[in-house]
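Single-letter residue listing:
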Amino acid sequence: FIHAALDAFVRANPQTIPATARAALLQFGADAFGPALDRPEVRAFWWPRFERIVDWFLEEEARRRSGTADVLSEQNAEWRLGDLDFTLTARVDRIERRRDGALAIGDYKTGYVPKLGSVEYGYAPQLTLEAAMARAGAFAAIGDATGRDLVLEYWKLTGGEKPGEIKPIAAGDLALELALAAEQGLRRLVERFARRKTPYPSRPHPRFAPRFSAYDHLARVAEWSATGGEGE
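Residues numbered from 1 in each chain as written. Predicted model: local features only at pLDDT ≥ 70, side-chain atom pairs only at ≥ 80, totals over all residues. Heavy atoms only, no water.

Participant: Lay out the sheet that holds strand S3 (residues 103–109) in plain terms, naming residues and giving numbers.
Facilitator: Pairing in this open sheet of 5 strands is mixed, and the strands run S1-S2-S3-S4-S5 from one edge to the other. Either end of the sheet is taken by a strand with one partner, and the two such strands are strand S1 (68–81) and strand S5 (164–171). For this sheet, the mean inter-axis angle between neighbouring strands, taken without regard to orientation, is 35 degrees. The pairing of strand S4 (residues 150–157) with S5 spans 7 bridges and is classified as antiparallel. (Pairing = 2+ DSSP bridges. Helix = DSSP H or I, 4+ residues; strand = E, 2+ residues; numbered from the N terminus. Axes fitted to C-alpha atoms, helices over the stretch in contact; angles between N-to-C directions.)

Participant: Can you break down the side chain of Arg 64 residue by residue, with the values?
Facilitator: Mapped onto the elements of the fold, Arg 64 is located in helix H3 (residues 40–65). The residues touching Arg 64, leaving out its near neighbours within four places in the chain, are Glu 96, Arg 98, Glu 153, Trp 155 and Ile 166. (Contact = heavy atoms within 4.5 Å.)

Participant: Explain unusual backbone geometry to me, using residue names and the numbers behind them.
Facilitator: The phi dihedral of Glu 74 falls on the positive side, at around 50 degrees, and the residue is not glycine. Within the secondary structure layout, Glu 74 lies in strand S1. With a relative accessible area of 14%, Glu 74 lands in the buried category. With a phi close to 55 degrees, Asp 85 is a non-glycine residue in the positive phi region. Topologically, Asp 85 is positioned in the loop between S1 and strand S2 (86–98). What makes Asp 85 exposed here is its relative accessible area of 57%. (Buried < 20%, exposed > 50% of the residue type's maximum accessible area, 1.4 Å probe, protein only.)

Participant: So what's going on with the packing of helix H5 (residues 126–135) against helix H6 (residues 172–193)? Residues and values would help.
Facilitator: Interaxial distance between H5 and H6 falls to 8 Å at its minimum, and their mutual angle equals 95 degrees. By the angle between their axes, H5 is roughly perpendicular relative to H6. Residues Thr 128, Leu 129, Ala 131, Ala 132 and Arg 135 of H5 form the contact with H6, whose own contacting residues are Leu 176, Leu 178, Ala 179, Leu 180, Ala 182, Glu 183 and Leu 186. Residues of the contact of H5 with H6, tallied by class, amount to 9 nonpolar, 1 polar and 2 charged. (Parallel < 35°, antiparallel > 145°, perpendicular 65-115°, else oblique. Nonpolar A, V, L, I, M, F, W, Y, C, P; charged D, E, K, R; others polar.)

Participant: Please give an account of the environment of Glu 153 that cites residues and values.
Facilitator: Residue position: Glu 153 is located in strand S4. If we skip the residues at most four places from it in the chain, Glu 153 touches Arg 64, Glu 96, Arg 98, Ala 104, Ile 105, Gly 106, Asp 107, Leu 127, Ile 166, Lys 167, Pro 168 and Ile 169. Engagement of the side chain of Glu 153 in a polar contact is seen with the side chain of Trp 155, the distance being 3.4 Å. (Polar contact = N/O pair within 3.5 Å; in protein donor to acceptor, adjacent residues only side chain to side chain.)

Participant: I'd like to hear about the nonpolar core, residue by residue, with values.
Facilitator: Core analysis: the largest hydrophobic core is formed by 35 residues, its most contacted members being Met 133 and Phe 139. For this core, the secondary-structure elements that each account for two or more residues are S1, S2, S3, H5, S4, S5 and H6. Ranked by size, the runner-up nonpolar core spans 24 residues in total, among them Leu 6, Leu 25, Trp 47 and Val 54. (Core = buried A, V, L, I, M, F, W, Y, C linked by side-chain atoms within 4.5 Å.)

Participant: Describe in detail helix H2 (residues 21–33), supporting the description with residues and values.
Facilitator: The first and last C-alpha atoms of H2 sit 18 Å apart over 13 residues, in line with the 18 Å expected at 1.5 Å per residue. By the burial criterion, the buried members of H2 are Ala 21, Leu 25, Leu 26, Gly 29 and Phe 33. Along the axis of H2, the buried residues cluster in a sector spanning 125 degrees; they form a single face. Of the residues in H2, the exposed ones pointing more than 90 degrees away from the buried face are Ala 23 and Asp 31. Taken from the residues just after H2, Gly 34 is the one with a positive phi, measuring 55 degrees. (Expected span 1.5 Å × (residues − 1). Arc of directions from axis to C-beta.)

Participant: Could you give me a rundown of the packing of helix H1 (residues 2–12) against H3, with the residues and numbers involved?
Facilitator: Where H1 contacts H3, the two axes come as close as 11 Å, and the packing angle between them is 35 degrees. As for how H1 packs across H3, the hand of that crossing is right-handed. Contact with H1, carried on its side by Ile 2, Ala 5, Leu 6, Phe 9 and Val 10, involves Trp 46, Phe 50, Ile 53, Phe 57, Leu 58, Glu 61 and Arg 65 of H3 and no other residues of that element. Looking at the contact of H1 with H3 residue by residue, the class counts come to 10 nonpolar, no polar and 2 charged. (Left-handed = near helix turned anticlockwise from the far one by under 90°.)

Participant: Would you mind going over the pattern of salt bridges in detail, with residue names and values included?
Facilitator: Between side chains of opposite charge, a pair can form when the charged atoms approach closely. Per the counting criterion, the structure on display carries 21 salt bridges. The residue Asp 70 makes a salt bridge to Arg 97 at a minimum N-O spacing of 2.7 Å. Separated by 27 residues along the polypeptide, Asp 70 in strand S1 and Arg 97 in strand S2 bring together distant segments of the chain. (Salt bridge = Lys/Arg side-chain N within 4 Å of Asp/Glu carboxyl O.)

Participant: Please give an account of the packing of aromatic side chains that cites residues and values.
Facilitator: Between two aromatic rings, the relevant description is the distance of the centres plus the angle of the planes. Evaluation of the coordinates by the stated rule reveals 11 aromatic pairs. Considering the side-chain rings of Phe 45 and Trp 46, the 5.4 Å spacing of their centres and the 90 degrees angle between planes classify their relative orientation as edge-to-face. Of the residues examined, Trp 46 reaches a relative accessible area of 30% and is grouped as partly exposed. With 5.8 Å between their ring centres and 80 degrees between their planes, Trp 56 and Trp 155 make a pair best called edge-to-face. With Trp 56 in helix H3 and Trp 155 in strand S4, the pair connects residues that are 99 residues apart, well separated along the chain. What makes Trp 56 buried here is its relative accessible area of 16%. Through successive ring pairs, a cluster of aromatic residues spans Phe 9, Trp 56, Phe 57, Tyr 108 and Trp 155. Sitting above the plane of the Trp 47 ring, Arg 43 keeps its charged end 6.0 Å from the centroid. (Phe/Tyr/Trp six-rings, centres within 6.5 Å; stacked < 30°, edge-to-face > 60°. Lys NZ or Arg CZ within 6 Å of the ring centre and 35° of its normal.)

Structure (structure tokens):
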């Protein structure tokens with residue numbers, strides 16, 4: 001709901017924030033929530049949080065727009081690695097084209113926000129792969145971003161006591177370094193799994209396993225975890 005409301009607002013106001021911004025964003029929110037607002041738990045829990053997110057979001061947008069040419073929302077991309085016969089697809093929440101020529105790639109998070117270490121070690125590669133795709137010209141709206149400074153950041157949106165927060169990940173040389181590392185890591189992964197004899201373990205790195213996995217039941221992870229992995 002929150003992603004949909006912010007997407008609709010940014011698409012309607014890519015360059016400037018109107019005086020009626022709060023009313024407009026609340027209406028986009030009501031449209032996004034739709035019939036769900038008739039559910040008491042949604043109306044009592046999520047709508048007040050959304051209202052707090054709206055106030056924080058508009059204050060942050062007003063502050064940033066002075067240095068931003070425009071903001072692109074929910075941009076799709078396909079990046080074909082022809083030499084590997086592999087295509088990577090992505091949808092980025094927001095891309096700011098800044099007046100100084102930099103591109104700020106942002107991802108909205110209403111839940112868990114990855115830490116810098118997880119990004120640097122490749123366990124949370126969303127932003128870094130999107131940066132690599134931007135450099136390769138995979139996003140039609142911005143063209144080839146080679147040579148442009150990149151800024152990578154998460155927008156933490158909870159609507160709680162602290163409604164929102166920008167969590168910077170990397171900028172400039174570090175962002176470029178992480179983007180190149182992400183591309184190299186992707187290529188190594190694709191090459192490895194293109195080999196017929198490569199096994200597909202459900203948890204290759206248990207310490208960094210996601211909290212929810214679509215494959216744990218196939219590997220009977222819950223059963224083995226309950227027995228401590230002993231016996232057969």
